[in-house]
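# Per-entry structural report
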Amino acid sequence: MTLFFGLELDDHALPHPPSEAGIYHCGRRQLLRLLENFLGLAGLPDNIDFLRVEQYRQALLRHLASPHPAPDTRFYKASFEADQFATAENLLERRDELLLNGWDFSPSPDMPPRLRAFAEIETLLHQDQIQAHDQPSPGLSQGFSDRFCQVLASLDQQTLPFSSVKLNEPLDLLPRYLQRLFDKMSAAGASIGQLHAAEQPPVATTANRPLTDLQKFQKRLFHPSAPLESGDKTLSNDGSLLLLRSKRSGDAAAWLARLLRINQQAGKTPSVNLLIPESSRELDVALVQEGQPSLGLPSASLARPALQILKLVPAFLWEPVDPYKLLEFVSLSAKPLPEDLSARIAAEIASTPGMRSDKWREMISTYFSELEQKAADNRAINVAEVRKQYHFWFERTRHKAGSKVPKDEIAKLYHYVFDWAYRAYEEYGNRNTSFLVLREQARRTVELLETLPESELSHLELERIVRTIFEAAPVVLQEEEAGHLPYASHPASFTGPVPEIWWWNFLQQEAPHFFSRWYQQERDYLAGRQVLTDTPELENARMLWQQRLPVRMARERLLLVIPDAVIGEAAVPHPLFGDLLAAFENLEAITQEVSLDQPQAGRPDAMSRHFALPELCRLELRQTGRPKPFLKVRNLGDFQRDYESLTSLETLIYYPYLWVFRYKLRLRQSPILSIVPEHTLMGNLAHRLFEKLLKEDYASMDRPSLERWIDQEMQLLLMREGTVLLLYGREPDRIQFANKLKYAAWSLIQQLRANGWRVLATEQAMDGTFPVYHPNPDPPPIPVKGIADLVLERDNGELAVLDFKWRSSDKRMKMIKNEEDLQLAFYSRLASKAGEWAHTAYFIVEKGEMLARNKLAFRDASAVAPDKDYREVYDRIFQKMEATWLWRMGQLRDGLVEVRSRQTMQEIEDYYSESGQAPLLLDLLEMKGDSASFDEYKKLLGLSSE
């Protein structure tokens, strides 16, 4: 039997090894399993590193708590206190390294302190294994190092059936533990040989065959002492060595895939072998788009929606809830919650970031009522199961921030995810293997939680545990298809020469090793006991050998792809690129610049002599053209609605195109679910707080009692509707917000008291008809509805309407001054008796300021136009509003829709002047001189975003 071994032969190898009886191709993982099968040691589990880290962490805890360790053996204490899991993981790697290289952890008096610590910890682990029946700790589960040492020990009593071993890497460059293995196999009679011993590139030219560009590069790399001949430093661009440069890796992928397609169609199919040393499907996707068979490359990404649930689960355990995480949870494409319920919850959290508010309860009640009605006609709907899912996540008891949660309660959440993941996998028709990855990681989380000695966990401890488990496990998103290009995923995966290699992303991939894990004193101590650890020099020499192997194995062509950026991040060329620069004087002769933005200018294409190249095809730029001042619409239909709100009525008056698109055609952009802007949130919270305050006995409150009431009520309000202000680090914002509310509330109460006002209603629904002043209008009057924030009354029967605004006092002041406060005019009309007008004002919460037209209702208000009779002003505003509405409705009847914006303003004015309508405009409201503030139709109409 023959064994072919290479450090990177566990995955794809090039050329593809033949399947023959008695011949095995193995990397490290496959070799261990193969030897265990031969020696009768199989059956031990893989992928338990997460569990071993926890077991070692527990051993470190016991070691630190032990009464008699030498103080200098606690060298890891400070790091362990900062991050227990990371420290345990690092020390476990060192322990495994010592074990692999033959140390038995026997203590001795002259042992260096750090090695003494490892020996003491190993003793604790050994005691745990002996006393496993009496103690809950199982010691340390067997990992790769323990299993490998068992194999080595078994070779002393048994012989492996291999007569020949062929090594990909030189024996002296292999890790020390593998050298020990092959030495034992050699002593047992197996011949140890080298795969590439006879495959040396040519050194000198011959009379009939000069060196190719590739051979020149191979000569400089593998025969640096050979004398240089004429032309060795000059590239002839014979096609054997080519460089492909691009700004972005995506450009190179699309260009290469197209190149391959074009040449296949021309009958010039190159015998390509791909080297793709990164976990990216970019090239594979480009090949599939060009009709090539899929390579079946795995994709490792932490951004996969199914895996996001793992790290979002802790958000349901603590109070206050993090609305950003809840919004992310319900917005996932795959989640343990119905899609329609998730959409409603997402919209509610986005507008009111919190849980269990009055709107929340109303929304949930409405949803389940509608679901029960649907279930009456559709037996497939399981209302009880949906209720169970909702209650499991959103109605659970949560713990106060900073407290600890029983780990059993945490384990129930991840066990739920474990069960759901497999059900979801079956529902998707066994296509989305991400759910299997999620199921496995949820299982590991539960298993790790059960192993913990702690009965309760803090938020940070749970986050660290999840981070230990959460990993970008490779998932095959598109299966491997027959006839795909052969490929390898590591430079050391070549077991023999191949005709042509395309090295995708010829970039720096390996992490350099700068220092040894062990001090010189420790290495000397270990060497005295025949324990030789790998040195940085050995690791770097092995890495250098592996980096050069593809250059050595290419026989006819080597194509190197070097993008400047990969996935938006700057990339560093491969270290061998420096050798290329040093070896040749005219590297530009073989360099092909690729850009999908513009054609190459200057010198000719380097690859045009060897391939048919893709051509840049420019698509015709189609512009929307200049925005038109009017849209002419045929058959607009019945453009009058059942009723108008004050907002829609104002939109129709000033920006009729927005009214047509938004309310008539109902063109709505898809909502981007995100937490409301902070100023909007604070305005909403202020509205809710004032609404509740004005229902209390505020008249008897002094300032201290008012502030105490606000402190008490605001905590509950923020928990339900504004938890973003309760998150970590937001305390200064929360205090500032509370102080502004206290000042504003006291200012409002003082204004009400001083002017003899009492609250008649908050959030008062108002309705009426419009128009009123114009008899027999065409079209006929329509219902108008609105909601007033606060309606006040005095003993003499006077009424006042307040509109709360969080900020923008300058804007509101300008609106009153220019008689543009249309909504206040409507409130004044709707709140009062026929023929009368109520007082109105804006209350700016951020400043605690009352803005009014005069001081008749509020003596301390900031009066904008105190010399004008507010009744005459409102009468004038209302008549102009009605005239403007009738004018707009006449335009719509004629199919004319005005598109008012900064770009069309002049053309609109010219049109009205030329058509003789300018005198009519004097009787209408003055139109806005700027574009609409909120216009989601700009792109549709060709309007500028400026």
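Within each chain, residue numbers correspond to sequence positions counted from 1 in written order. Predicted model: local features are reported for residues with pLDDT of at least 70 only, side-chain atom pairs are reported and counted for 80 or more only, and whole-chain, interface and lining totals are derived from all residues. With hydrogens and water set aside, each side-chain value is computed from the structure's full complement of heavy atoms.

Scanning the chain from terminus to terminus reveals 32 helices and 26 strands. In this description the radius of gyration comes from C-alpha coordinates, and the expected globular size is given by 2.2 Å times residues to the power 0.38. Taking 30 Å as the expected radius of gyration for a compact globule of 946 residues, we find that the chain reaches 38 Å, considerably beyond that expectation. When its C-alpha atoms are laid out on the principal axes, the chain stretches across 115 × 75 × 55 Å. Counting only residues that meet the buried cut, the chain has 50% of its 946 residues in that class. Long-range pairs, those at least 24 residues apart, make up 75% of the contacts in the chain between residues at least 6 apart in sequence. All accessible areas in this document rest on Shrake-Rupley with a 1.4 Å probe, and a residue is counted as covered only by the protein chains that are shown. Accessible surface, the chain: about 45900 Å² in total, of which carbon and sulfur atoms supply 50%. Distance from the positive charge centre (112 side chains) to the negative charge centre (131 side chains) of the chain: 2 Å. Secondary structure elements follow DSSP: runs of H or I no shorter than four residues count as helices, runs of E no shorter than two count as strands, and numbering proceeds from the N terminus. The buried label applies to any residue whose accessible area, calculated with a 1.4 Å probe on protein chains only, is under 20% of its type's maximum; exposed applies above 50%, and partly exposed to all values in between. What makes two residues a contact is simply this: any of their non-hydrogen atoms within 4.5 Å. Asp and Glu are treated as the negative residues and Lys and Arg as the positive ones, with His and the ends of the chain left uncounted. For this purpose, a charge sits on NZ of Lys, CZ of Arg, CG of Asp or CD of Glu.

To continue, consider helix α16 (residues 407-427). For an α-helix, 3.6 residues make a turn, and residues three or four places apart therefore share a direction. When the terminal C-alpha atoms of α16 are compared, their 30 Å separation across 21 residues agrees well with the 30 Å that a helix rising 1.5 Å per residue should span. For α16, the full list of buried residues reads Lys-407, Ile-410, Ala-411, Leu-413, Tyr-414, Tyr-416, Val-417, Phe-418, Trp-420, Ala-421, Ala-424 and Tyr-425. A helix's residues, less one, multiplied by 1.5 Å, set its expected span.

Attention shifts here to the side chain of Arg-794. Among the secondary structure elements, Arg-794 is positioned in the loop between β21 (782-793) and β22 (799-805). Between N or O atoms, a polar contact is any pair within 3.5 Å; within protein, one atom must be a potential hydrogen donor and the other a potential acceptor, and residues adjacent in sequence are included only when both atoms are from side chains. Of note is the side chain of Arg-794, whose polar atom sits 3.2 Å from the backbone oxygen of Leu-856. Non-local contacts of Arg-794, meaning those with residues more than four positions away in its chain, are made with Asn-755, Gly-756, Trp-757, Arg-758, His-839, Leu-856 and Ala-857.

Time to look at the pairing of strand β24 (residues 849-852). Side chains of β24 alternate between two faces, with Glu-849 and Leu-851 and Met-850 and Ala-852 buried alike. In the sheet, strand β23 (residues 839-844) pairs with β24 via 4 bridges, with the strands oriented antiparallel. Considered in β24, the bridge of Tyr-842 is made with Leu-851. What sits between β23 and β24 in their antiparallel hairpin is a turn of 4 residues, with Gly-848 showing a positive phi close to 60°. Pairing between strands is defined by DSSP: at least two bridges between them are needed. Note: β24 against strand β25 (residues 862-863), 2 bridges, orientation parallel. By the bridge assignment for β25, Leu-851 is matched with Ser-862.

Quick look at the packing of aromatic side chains now. Within 6.5 Å between ring centres, the rings of Phe, Tyr and Trp (the latter by its six-membered ring) count as paired, and their orientation is classed by plane angle as stacked under 30 degrees, edge-to-face over 60, tilted in between. A complete count under the given rule lists 45 aromatic pairs for this structure. Measuring from centroid to centroid gives 5.5 Å for Trp-393 and Tyr-416, while their planes differ by 90°, and the two rings are edge-to-face. Of the two residues, Trp-393 sits in helix α15 (residues 383-394) while Tyr-416 sits in helix α16, which places them 23 residues apart along the sequence. We classify Trp-393 as buried; its relative accessible area is 0%. The buried category is assigned to Tyr-416, whose relative accessible area is 14%. Seen from their ring centres, Phe-770 and Phe-826 are 5.4 Å apart, and the 45° between their planes marks the pair as tilted. Placement of the pair is Phe-770 in strand β20 (residues 758-770) and Phe-826 in helix α28 (residues 822-831), with a sequence separation of 56 residues. Across the pair, Phe-826 and Phe-770 agree in class, each one buried. Consider the ring centre and the ring normal. A charge sits over the ring if Lys NZ or Arg CZ is within 6 Å of that centre and within 35 degrees of that normal. The side chain of Arg-396 reaches across the aromatic face of Phe-392, ending 4.7 Å from its centre. Here Arg-812 stacks its cationic end above the ring of Tyr-842, 5.7 Å away from the centre of that ring.

Turning our attention to the side chain of Arg-147. Among the structural elements, Arg-147 can be located in helix α6 (residues 144-154). Arg-147 sits in the buried class, given a relative accessible area of 5%. A distance of 2.8 Å separates a polar atom in the side chain of Arg-147 from a polar atom in the side chain of Glu-36. In this view, Arg-147 contacts Leu-32, Arg-33, Glu-36, Leu-44, Pro-45, Asp-46 and Gln-142; residues no more than four positions away in its chain are not counted.

The next subject is the packing of helix α24 (residues 678-693) against helix α26 (residues 731-754). Two elements in contact, α24 and α26, have axes separated by 11 Å at closest approach and are oriented at 45°. Comparing the axis directions of α24 and α26 gives the class oblique. The two elements α24 and α26 meet at a crossing, and its hand is right-handed. Along its contact with α24, which presents Met-682, Leu-685, Ala-686, Leu-689, Phe-690 and Leu-693, the element α26 presents Phe-737, Leu-741, Ala-744, Ala-745 and Ile-749. Under the scheme applied here, ten amino acids are nonpolar (Ala, Val, Leu, Ile, Met, Phe, Trp, Tyr, Cys and Pro), four are charged (Asp, Glu, Lys and Arg), and all others, including Gly, are polar. For the contact of α24 with α26, a count of residues per class yields 11 nonpolar, no polar and no charged. Note on geometry: axes are C-alpha line fits, over the in-contact stretch for helices, and angles between N-to-C directions span 0 to 180 degrees. Small angles under 35 degrees read as roughly parallel and large ones over 145 as roughly antiparallel, with 65 to 115 read as roughly perpendicular and the rest as oblique. With the far helix as reference, a near helix turned anticlockwise by less than a right angle produces a left-handed crossing, and one turned clockwise produces a right-handed crossing.

Another aspect to go through is the nonpolar core. Ranked by size, the top nonpolar core spans 132 residues in total, and within it Trp-103, Ile-345, Trp-393, Phe-394 and Phe-858 carry the most contacts. Here this core gets 11 residues from one element, more than from any other, and that element is α16. Ignoring any residue separated from it by four or fewer positions in sequence, one finds Trp-103 in contact with Leu-98, Met-111, Leu-115, Phe-118, Ala-119, Tyr-525, Leu-526 and Val-531. Among the nonpolar cores identified, the runner-up in size contains 60 residues, and Leu-214, Val-272, Ile-276 and Ala-554 belong to it. Buried residues of nine kinds, namely Ala, Val, Leu, Ile, Met, Phe, Trp, Tyr and Cys, make up a nonpolar core once their side-chain atoms join them within 4.5 Å.

We now examine the sheet that holds strand β2 (residues 23-26). Judged by pairing direction, the sheet is parallel, and its 4 strands sit side by side in the order β2-β1-β3-β4 without closing on themselves. Two strands lie at the open edges of the sheet, namely β2 and β4 (191-194), each paired on one side alone. Across the sheet, the mean angle separating the axes of adjacent strands is 20° when strand polarity is ignored. Judged from the 4 bridges that link them, strand β1 (residues 2-5) and strand β3 (residues 164-167) form a sheet pairing that is parallel. Residue Phe-5 lies in a different strand from β3, and its bridge partner there is Leu-167. Here helix α1 (residues 28-39) sits on the sheet in contact with β1 and β2, set at roughly 135° to β2. Sitting on the sheet, helix α7 (residues 176-187) touches β1, β3 and β4, and the angle it makes with β1 is about 165°.

As a further point, take the packing of helix α8 (residues 213-222) against helix α20 (residues 536-553). The geometry of α8 relative to α20 is characterised by a closest axis approach of 9 Å and an angle of 145° between their N-to-C directions. Here the hand of the crossing between α8 and α20 comes out left-handed. Judged by residue contacts, Leu-214, Phe-217, Gln-218, Leu-221 and Phe-222 of α8 engage Arg-548, Val-551 and Arg-552 from α20. A per-class count over the contact of α8 with α20 returns 5 nonpolar, 1 polar and 2 charged.

A few words on the pattern of salt bridges. Each reported salt bridge corresponds to a side-chain nitrogen of Lys or Arg within 4 Å of a carboxyl oxygen of Asp or Glu. Going through the model one piece at a time under the given rule, you end up with 58 salt bridges. Linking Arg-147 and Glu-36 is a salt bridge whose minimum nitrogen-to-oxygen distance equals 2.8 Å. With Arg-147 in helix α6 and Glu-36 in helix α1, the pair connects residues that are 111 residues apart, well separated along the chain. There is no split in this pair, since Arg-147 and Glu-36 are both buried. When the shortest N-O distance is used, the salt bridge between Glu-522 and Arg-114 registers 2.7 Å. On the criterion of sequence distance, the pair formed by Glu-522 in helix α19 (residues 520-527) and Arg-114 in helix α5 (residues 113-130) is long-range, its members being 408 residues apart. Each of Arg-52, Arg-95, Asp-96, Glu-122 and Asp-146 takes part in a single network of salt bridges with overlapping partners.

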